[in-house]
Structure formats: C-alpha cells, structure tokens
Amino acid sequence: LLHIPPLIEIAAVCSGKVRSVIDNRCTLTLEKFVQLQVGLCDTVEYKIEHDLYYIQDDIDFHTYIARCSKNKVVEQIISIIETAVLMFVNLTHRRLRQETIITHRAITKSIAEHDPVGARSAMTMHISYNRAAIKEIYDARNRELENQEQ
C-alpha cells in the first residue's frame, strides 16, 4: 500500500491528457474518438452490470485516452496507468463499480462537449473515489493490526 499515493498523484497529473484530446492533438477526429470512447464506456458498463470481468476494458478506457492525447510524457507512462487501474480495481475489491460507470460517462461526455474542465473534474472524482476506498481499507487493516497487538 505504500505505492498508492504516488500512483494516485500520477493519475491526477495524467488527467490533463483529456485536455490534450479536446485540444485536437488526437489524430482521430473528435467525433470518431468520442464514438470509440463511448463504445469503451458501454462495454465496461455492460460487463459490470452483468457481473463479468471488466478490468481489461477499464484499462483500455484509460489507455485509449492516454494514447490519443499524443502527449509524449503520458505515452511514456501508459504501463503505469495500466498497472494503477489494475491495482485500484483489485485493492478496492471491485467495490466502486457504479462509481466507475458514472465517472467514465462523465469523462466521455465532457470530452464530447469540448469541456476540458469537466473532463478533468470527472477524472479527479474517479481518482478520489479510488483513493477514499483504498484509504478506508488501509485504515481498517491498520486498526485490525493494532487490535491484534494488544
């Protein structure tokens, strides 16, 4: 759990990648990007609602935005983004499934509406849900360890 704060900080910095997509650095047209991004949202939502394995699709959602941003720094840390998503989903024991649907939709909607502030806010909310859930698990674990020591 000691690696979680740096990964959350990296994810927060990466939320700026959404703005890059909106600023038209993506090689796709914005309409095509949004169409593909909506498809990724739909897939994650469907799999969550049908209790299917969705982690790879969640990873694909985030890495698609990162790849389309054409941000050289973000492109270099895609493997970190992939690891962070996998770790967050596993650490939170998939408790944030509904929050994932809501925030992914908000991110995609903001991109479609050319709203970089909304996209960044939605990404920040997504990260905040994960941070709070992980902190809650971490704190409960610490309390449990303290009780065992007494």
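Everything below is about the structure printed above this text.
Everything numeric here is computed off the predicted structure, so don't read it as measured data.

1. Details of the environment of Val44
- Take Val44: it is sitting in helix 3 (residues 30-49).
- Classification of Val44 by relative accessible area gives buried; the value is 2%.
- Distance from Val44 to Thr100, taken between C-alpha atoms, is 8.6 Å for residues 56 residues apart in sequence.
- Among residues more than four places away in sequence, those in contact with Val44 are Tyr54, Asp57, Asp58, Thr100 and His104.

2. As for the nonpolar core
- Core analysis: the largest hydrophobic core is formed by 15 residues, its most contacted members being Phe33, Phe61, Ile65, Ile107 and Ile111.
- Put simply, the parts of the chain that give this core at least two residues each are helix 3, helix 4 (55-69), helix 7 (97-112) and helix 8 (116-149).
- Among the elements that take part in this core, helix 3 stands out by supplying five residues, more than any other.
- With residues near it in sequence (within four places) discarded, Phe61 still touches Gln37, Leu40, Cys41, His104, Ile107 and Thr108.

Cut-offs used in this document
- Residues numbered from 1 in each chain as written.
- Predicted model: local features only at pLDDT ≥ 70, side-chain atom pairs only at ≥ 80, totals over all residues.
- Heavy atoms only, no water.
- Helix = DSSP H or I, 4+ residues; strand = E, 2+ residues; numbered from the N terminus.
- Buried < 20%, exposed > 50% of the residue type's maximum accessible area, 1.4 Å probe, protein only.
- Contact = heavy atoms within 4.5 Å.
- Core = buried A, V, L, I, M, F, W, Y, C linked by side-chain atoms within 4.5 Å.

Note that all results are geometric; they support no functional claim without further evidence.
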